[in-house]
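Each chain is listed here by its residues.
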Amino acid sequence: MIKNFNIKRVLQGRLFMGEEIVSSITKLLKENSITSGLISGIGAVKRAKIGYYDQSKKAYISQEVNEPMEILSLKGNISIKDGEPFPHLHIVLSKEDLTCIGGHLYEAEVFAFEFEIIEFEGSPFQREFDENTGLFLWKN
């Protein structure tokens, strides 16, 4: 399944220390009526909650990491879930010892964060529950 989009606009910005990434990005999407696109970002967090999807159990396993970390990469897409703009975000974080962890991003408290949102023109993908995977995936 493929859709063809054109770029409508590109937004660049930053979040401030203490802000939470997922809720702040979600709010920005709603305020700007952005329903389709890409998100990327770099920076640092004070703490984060990330997850891994256990395919056999069809459930996310989440873990809170309460330490300062660098955001090596934050990447995601924007679509519609339950009638609202939904940012689906993944993150790779580097710890003090330079080991990396990553996964689905639930929340993260910003130390410093710079981001880009590439908004698409056209009809956005809608997320719908998929029985085979247990995930909310794009439908036609």
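Notes on the structure in this doc start here. This one's a predicted model, so the numbers in the text were calculated from it and none came from an experiment.

Quick notes on the rules
Residues numbered from 1 in each chain as written. Predicted model: local features only at pLDDT ≥ 70, side-chain atom pairs only at ≥ 80, totals over all residues. Heavy atoms only, no water. Helix = DSSP H or I, 4+ residues; strand = E, 2+ residues; numbered from the N terminus. Rg over C-alpha atoms; globule rule 2.2 N^0.38 Å. Buried < 20%, exposed > 50% of the residue type's maximum accessible area, 1.4 Å probe, protein only. Contact = heavy atoms within 4.5 Å. Areas by Shrake-Rupley, 256 points an atom, 1.4 Å probe, with all protein chains shown as cover. Lys, Arg positive; Asp, Glu negative; His and termini not counted. Charge placed at Lys NZ, Arg CZ, Asp CG, Glu CD. Salt bridge = Lys/Arg side-chain N within 4 Å of Asp/Glu carboxyl O. Pairing = 2+ DSSP bridges. Polar contact = N/O pair within 3.5 Å; in protein donor to acceptor, adjacent residues only side chain to side chain.

A few words on the overall build of the protein chain. Along the backbone of the protein chain there are 1 helix and 8 strands. Computed over the C-alpha atoms, the radius of gyration of the protein chain is 15 Å, within 12% of the 14 Å expected from 2.2 N^0.38 for a compact globule of 140 residues. For the protein chain, the C-alpha atoms occupy an extent of roughly 45 × 40 × 20 Å along the three principal directions. Looking at the protein chain as a whole, 37% of its 140 residues are labelled buried. Counting contacts in the protein chain only where the partners sit at least 6 residues apart, residues at least 24 apart contribute 70% of the total. Carbon and sulfur atoms form 51% of the exposed surface of the protein chain, whose accessible area is close to 8,400 Å². Put simply, the protein chain has 16 plus and 20 minus side-chain charges, and the middle of one group is 4 Å from the middle of the other.

What follows concerns the pattern of salt bridges. Under the definition given, this model contains 8 salt bridges. Note that R47 and E107 form a salt bridge whose closest N and O atoms lie 3.0 Å from each other. Note that R47 is positioned in strand β2 (residues 37-54) and E107 in strand β6 (residues 100-121), a separation of 60 residues in sequence. Given the relative accessible area of 25%, R47 is considered partly exposed. Where E67 meets K95, a salt bridge forms, and the shortest distance between an N and an O atom there is 4.0 Å. With E67 in the loop between β3 (59-65) and β4 (69-81) and K95 in the loop between β5 (84-94) and β6, this pair connects stretches of sequence that are 28 residues apart.

On to the pairing of β4. In terms of strand pairing, β2 meets β4 through 8 bridges, oriented antiparallel. Each bridged residue has a counterpart across the sheet, and for V45 the counterpart in β4 is M69. The pairing of β4 with β5 spans 11 bridges and is antiparallel. Counted as the bridge partner of E70 is S94 from β5.

Let us look at the side chain of T26. When you line up the elements, T26 lands in helix α1 (residues 21-31). At 2.8 Å, the side chain of T26 forms a polar contact with the backbone oxygen of V22. When residues no more than four places from it in sequence are discounted, the contact partners of T26 are P85 and P87.

On to the environment of T133, then. Relative to the elements of secondary structure, T133 occurs in the loop between β7 (126-130) and β8 (135-139). Sequence separation between T133 and K58 is 75 residues, and the spatial gap between their C-alpha atoms is 6.5 Å. If sequence neighbours within four positions are ignored, T133 has contacts with Y53 and K58. Within the structure, T133 has its side chain in polar contact with the side chain of D130 (distance 2.8 Å).

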